[in-house]
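Listed below are the residues making up each chain.
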Amino acid sequence: METTYTIWQYLFTLPVHEIPWWAEVFRSILRVVIGLAFGLGLVPIYVWLERRMLGWVQGRLGPNRVGPEGLLQPIADVIKLFMKEDIIPTNVDRGLFLIAPIIALAPVIMSITVIPWNGSKSWGAVAPGLDIGILFLLGVASIEVYGVILAGWSSNNKYSLLGGLRASSQVISYELGMGLAIIAVLLMCGTLGLQDVVRGYDLRQPHEFVAGTVLNNGQGLINVLPLSGTGYTFYMLDWSSGFWDWNVFRMFPFGLIACVVYMISMIAETNRAPFDLPEAETELVAGFHTEYSGFRFGAFFMSEYANMAIVSTICVTLFFGGWLAPLGILNQVPISWIQALTQTPDSWVPWWANLINSLISALWIILKLFTLISMFILVRASYPRLRYDMLMRFGWKGLLPVALINLVLIAISLAVQHSFRDSLGTAGAWWVGQIIAWALMLAAMLVAFVSVRKSYASRQRDIASGEIPADSPIVRHPVALALPALTSTEK
Amino acid sequence: MSMTLARIPQSEFKPGQGVPTGIELERYYDPETDQETMTINMGPSHPSTHGVLRLVLELDGETVVKCTPHIGYLHTGIEKTMENLSYYKALVLTDREDYLSNLCNNLAYSLAVEKLMDVAIPIKAQYMRVLLNELERIASHMIWLGTHALDIGAMSVFFYTWQDRDLVLEIKEHLSGVRTKTSWICPGGLRGPAPTGWMQRVQDFLDYFPKRIEMYETLLTNNPIWIERTRGIGMITAEDALAIGVTGPTLRASGVALDLRKHQPYSSYEEFDFDIAVGQVGDVYERYRVRIEELRQSLKIARQAWAKVNAAGENAPVRSADRKIAPPPREELDTSMEALIHHFKLYTEGYHPPVGEAIGAVEGPRGEKAYYIVSDGSNKPYRVKIKGPSFYNLQALPRMTEGRMVADVVAMIGSIDIVLGDIDR
């Protein structure tokens, strides 16, 4: 039977497999526009928020003249940057100099494509339902640093060169911990798709197994109700779900540890204080972008802020339930209510209901995003900058072992759960796996504690025997804090 | 007066080496393997050289092999200009050389002139000088703390300290109508009595400030990143420091308890009860601790000085009775012909100190500040030599930076608290 559809249905509501190519192209362009607006449109707001919030922390006002509460100030700044002369110094490596800002900005924009802003199969992201979402993100995100390194190298400026060098040393220190933290989430969820990560899927397991997030079994926490036939696929979540189902609280505390490692790494990834070494203005003037002016500088500036948004969104997606509300009851306008109100059959959902739900989802992700961004800003306002060898030491000796041990423990716990599931049932297997992992974690902490005590004791012995001075640079905090009181001398 | 040197044995460090031996040896420059270095020009316009200091750094990667400070970018010829001004007019230039410790410079210059002229200063003026000097020290240390923290990356501290410094500036403005370059301390005493409400304002500040010191300590003292950035960085031994001529908190942090306020008291400092803040290690962190402790001691002195000024009474004189150096009060001009002549002579020709030389030295916020004045009997100084503590403290920088990183260099510059106006004069 030949059905006739309206143009509206072709462009927006029909499932992908039922539409002609031109509707597909239209939808793709629309998604790209929405994605860019989502990613880049928030940048001025971040800039404004950062400046006002820093002003608030530091007892001053921040920009409050251009537009209401200074909201238009970043726009004015961008216009100013556009109108400035684009200076290309002589003696730079011209090709690389010109392409470096593009290399820095393009991956950030590309990253936006896989960020899901709701659970819809066809409208959830620029590239919704991409099965290798996280892999794509990791690959693309690591390109960005080439822009910084090339900018530093091609500028023919020693400060820029040092900035570029620092960027490369920084990237090899944080990316390991970051990657391992992300792998921990992948392991818990068993999928690379970002939408599935948000829902806490574990595709390798029967759905009722997944710890804490049981799918579609009638008694678990998340019930999936695909509403098909409309081009949208919404997942109605059980109202009993909530923030405790987010990956950050999954397999406690391993999800939390991975989250902390990722959050530290993402500050390093975005070159923000206290890891803003490549552009430490009090040391390297402006770091890698010293020689850039006009909109080429603007590109670096924008890439940094957009990158901040992207890594925060990834953090929200991986660990904080993406577009989901902290309580299941707040998640979406219940479609069953709409169906009841509009007297529609079960299989049909009005398009505006889906639109409202999309907006609510986007609202939640933006809210979480701004919470994280505020954390970024407060960290910047509070902490001194690290030296780059400290960052490397921190990355290699701090983040990497923690993330690695965390990953191994998650793997052990999951393996144990897998083998005990048949005999003990889902919940019993979960507890067995977790208890074994907890025991191993405590053992690892004990080993770490003992070894630190040992090295501390041997250090004290060396100091006592005069082998090393008591105030050599390696002095750690316990020693540093136990300094003798300042002596004072009477006349 | 015996000078006690509370020196800490530091046999592990060889003088002149500048870098302690230790576990982090692999970071240091090895002349046999690393032949290629990069010369980088830091300054004269650079965000963290505290003015127009220029450092020529020879780098191996980011490790400093050699650091050569170049000075002279802020040379104003103040010493030479003073030779062409009468003593009274030359005073205003002292405000302008070390522009962050104006009143301390005023005092050093005034002490030298008063020594030449052999003038006695009323006791209330002496207490006021102490009070103003300690307030100035607090203001100067606030700028040091703010810029030092900003260099290391703690940007909020910068704004907090500038707010506190502004309170001191408002106190100065209330006193004199000028925020920084007041010239309020002049040969012969002070320019005038304090206006109504000034003492209350000072007391409010003295009550308010201890909380702020606590806040700065909360923000920085136990902050792990701050400790890591400053501990063991920029070491200078007591021997080296003394050999170079380092003074002030930078010297005291290395373990030498040398403070002119104790060892060579001026302006009634001997009547005050306070301690010298002395460190042991001589690194950036220790200099930070010493200066924070100095803030407390300054408050202690300022409180005592406030009480003494208050006890001296509102109408006690703050200017010398010697009409040859201090102008007569305004009301005398209407009745006394002699006062009118003195007034006229003072503000046109000035005074003629006898032939001779004198040195006036104070313990400024950065170290020993001294004015050496040679008089040929005319109304203008024959020669004025300013001893700026920053000039000597800066010479410790190359020794500190050897083998450290660029990021440490800015921490060290901040920790020796230099003012380029003080260096170049």
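Our structure is the block above this text.
Residues numbered from 1 in each chain as written. Chains lettered and ligands numbered in written order. Predicted model: local features only at pLDDT ≥ 70, side-chain atom pairs only at ≥ 80, totals over all residues. Heavy atoms only, no water.

*Asks:* Which residues make up the overall build of chain A, and what values do they have?
*Replies:* A tally of helices and strands in chain A yields 16 helices and zero strands. The proportion of buried residues among the 491 residues of chain A is 52%. Relative to all contacts within chain A whose residues are 6 or more apart in sequence, the contacts with residues 24 or more apart total 69%. Counting only carbon and sulfur atoms, one obtains 70% of the accessible surface of chain A, whose full area is about 21,800 Å². (Helix = DSSP H or I, 4+ residues; strand = E, 2+ residues; numbered from the N terminus. Buried < 20%, exposed > 50% of the residue type's maximum accessible area, 1.4 Å probe, protein only. Contact = heavy atoms within 4.5 Å. Areas by Shrake-Rupley, 256 points an atom, 1.4 Å probe, with all protein chains shown as cover.)

*Asks:* Can you explain the sheet that holds strand 3 (residues 63-70) of chain B? Please cite residues and give values.
*Replies:* Residue and element names in this part refer to chain B. Pairing is antiparallel across the open sheet formed by three strands, whose spatial order is 1-2-3. If you trace the sheet from one side to the other, it starts and ends with strand 1 (38-42) and strand 3, each paired once. Here the strands of the sheet are splayed against their neighbours by 20° on average, with no regard to which way each runs. Note that strand 2 (residues 54-60) and strand 3 share seven bridges and pair antiparallel. (Pairing = 2+ DSSP bridges. Axes fitted to C-alpha atoms, helices over the stretch in contact; angles between N-to-C directions.)

*Asks:* Tell me about the environment of Tyr73 of chain B, and please be specific about residues and values.
*Replies:* Assignment of secondary structure puts Tyr73 of chain B in the loop between strand 3 and helix 1 (78-82). Once the C-alpha coordinates of Tyr73 of chain B and Pro44 of chain B are considered, the two residues, 29 residues apart in sequence, prove to be 7.3 Å apart.

*Asks:* Tell me about unusual backbone geometry, and name the residues and values.
*Replies:* All names here are of chain B. Located in the positive-phi region is Ser267, a residue other than glycine, with phi close to 50°. With respect to the element layout, Ser267 can be found in the loop between helix 10 (260-263) and helix 11 (284-312). Despite not being glycine, Ser268 has its phi angle at roughly 65°, a positive value. According to the relative accessible area criterion, Ser268 is buried, its value standing at 2%.

*Asks:* Describe the packing of aromatic side chains, naming the residues involved and giving the relevant values.
*Replies:* The geometry of an aromatic ring pair is captured by the separation of the ring centres together with the interplanar angle, meaning the angle of the planes. Residues and elements named next belong to chain B. Under the definition given, this model contains 25 aromatic pairs over all chains. When the centroid spacing of 6.2 Å and the interplanar angle of 65° are considered together, the rings of Tyr269 and Phe274 count as edge-to-face. Here Lys308 stacks its cationic end above the ring of Phe272, 5.2 Å away from the centre of that ring. The positively charged end of Lys387 is found above the aromatic ring belonging to Tyr392, 5.1 Å away from the centroid. (Phe/Tyr/Trp six-rings, centres within 6.5 Å; stacked < 30°, edge-to-face > 60°. Lys NZ or Arg CZ within 6 Å of the ring centre and 35° of its normal.)

*Asks:* Could you give an account of helix 2 (residues 87-97) of chain B, with specific residues and numbers?
*Replies:* With eight of its 11 residues buried, helix 2 of chain B lies for the most part within the structure. Buried within helix 2 of chain B we find Tyr87, Tyr88, Ala90, Leu91, Leu93, Thr94, Asp95 and Glu97 of chain B.

*Asks:* Residue-level account of the pattern of salt bridges, with values.
*Replies:* All names here are of chain B. Under the counting rule described, the total for this entry stands at 39 salt bridges over all chains. For Arg296, the salt bridge goes to Glu214, with nearest N and O atoms at 3.3 Å. Of this pair, Arg296 sits in helix 11 while Glu214 sits in helix 6 (residues 198-221), and the two are 82 residues apart along the sequence. On the basis of relative accessibility, which here comes to 27%, the residue Arg296 falls in the partly exposed class. What makes Glu214 partly exposed here is its relative accessible area of 44%. (Salt bridge = Lys/Arg side-chain N within 4 Å of Asp/Glu carboxyl O.)

*Asks:* Describe helix 10 (residues 254-269) of chain A, and please don't skip the residues or the numbers.
*Replies:* Residues and elements named next belong to chain A. Its 16 residues give helix 10 an end-to-end C-alpha distance of 22 Å, which sits within 8% of 22 Å, the value for a rise of 1.5 Å per residue. Across the 16 residues of helix 10, 12 count as buried, placing the element largely inside the fold. Here helix 10 has its buried residues at Phe254, Gly255, Ala258, Cys259, Val261, Tyr262, Met263, Ser265, Met266, Ile267, Ala268 and Glu269. The first or second residue beyond helix 10 is Asn271, which carries a positive phi of 55°. (Expected span 1.5 Å × (residues − 1).)

*Asks:* Outline empty space enclosed by the protein, supporting the account with residue identities and numerical values.
*Replies:* Residue and element names in this part refer to chain A. Under the defined criterion, the tally for this structure stands at 13 cavities of 30 Å³ or more. Taken together, 17 residues line the largest cavity, and the ones lying closest to its centre are Leu137, Ala141, Glu269, Val311 and Ile314. Where the lining of the largest cavity is concerned, the elements lending two or more residues are helix 5 (94-112), helix 6 (133-141), helix 8 (158-189), helix 10 and helix 12 (294-319). The biggest single contributor to the lining of the largest cavity is helix 12, with five residues. Its residues assigned to classes, the lining of the largest cavity shows 13 nonpolar, two polar and two charged. (1 Å grid on protein atoms, 1.4 Å probe; cavity = no way out; pocket = protein on both sides within 12 Å on 5 of 7 lines; lining within 4 Å. Points joined across faces, edges and corners; volume = space filled by probe spheres on them. Nonpolar A, V, L, I, M, F, W, Y, C, P; charged D, E, K, R; others polar.)

*Asks:* Give a description of the nonpolar core that names residues and reports values.
*Replies:* Counting 97 residues, the largest nonpolar core has Tyr46, Tyr262, Met266, Cys315, Leu318, Phe319 and Phe320 of chain A as its most contacted members. Tallying contributions element by element places helix 12 of chain A first for this core, with 14 residues. The contacts of Tyr262 of chain A, once residues within four sequence positions are left out, are Met178, Ala181, Ile182, Val311, Ile314, Cys315 and Phe319 of chain A. Counting residues in each nonpolar core, the second largest holds 82 residues, with Tyr109, Leu111, Leu220 and Leu346 of chain B among its members. (Core = buried A, V, L, I, M, F, W, Y, C linked by side-chain atoms within 4.5 Å.)

*Asks:* A description of the packing of helix 6 of chain B against helix 11 of chain B should follow, citing residues and the corresponding values.
*Replies:* Residues and elements named next belong to chain B. Running from amino to carboxyl end, helix 6 crosses helix 11 at an angle of 165°, the nearest separation of the two axes being 11 Å. With respect to helix 11, the axis of helix 6 lies roughly antiparallel. The element helix 6 and its partner helix 11 pack so that their crossing is left-handed. Between helix 6 and helix 11, the residues in contact are Met199, Val202, Gln203, Leu206, Phe209, Pro210, Ile213, Glu214, Tyr216, Glu217, Leu220 and Thr221 and Tyr285, Tyr288, Ile292, Leu295, Arg296, Leu299, Ala302, Arg303, Trp306, Val309 and Asn310, respectively. (Parallel < 35°, antiparallel > 145°, perpendicular 65-115°, else oblique. Left-handed = near helix turned anticlockwise from the far one by under 90°.)

*Asks:* Outline the sheet that holds strand 8 (residues 381-387) of chain B, supporting the account with residue identities and numerical values.
*Replies:* Residue and element names in this part refer to chain B. Taken together, the three strands give an open sheet; going across it, the order is 6-7-8, and neighbouring strands pair in antiparallel fashion. Taken across any chain shown, the strands that pair with only one partner, and hence form the sheet edges, are strand 6 (356-363) and strand 8. The mean inter-strand angle of the sheet, taken between neighbouring strand axes irrespective of direction, is 15°. Where strand 6 lies against strand 7 (residues 368-375), eight bridges are found, and the strand directions are antiparallel. The residue of strand 7 that forms the bridge with Gly356 is Ser375.

*Asks:* With reference to specific residues and values, describe the pairing of strand 1 of chain B.
*Replies:* Residue and element names in this part refer to chain B. The alternating pattern of strand 1 places Met38, Ile40 and Met42 on a buried face, while none of Thr39 and Asn41, on the opposite face, is buried. Where strand 1 lies against strand 2, five bridges are found, and the strand directions are antiparallel. Note on strand 2: the bridge partner recorded for Met38 is Leu59.

*Asks:* Which residues make up a nonpolar patch on the surface, and what values go with them?
*Replies:* Residue and element names in this part refer to chain A. Together, Ile7, Trp8, Trp21, Trp22, Val25, Ile29 and Val33 make up a nonpolar patch on the protein surface, roughly 770 Å² of accessible area in all. Every element with two or more residues in the nonpolar patch is listed here: helix 1 (7-13) and helix 2 (21-40). Counting residues per element, the nonpolar patch draws most heavily on helix 2, at five residues. Relative to the helices and strands, Val25 is located in helix 2. (Patch = residues over 30% accessible without salt bridge, like charges linked within 9 Å, V, L, I, M, F, W, Y side chains within 5 Å.)

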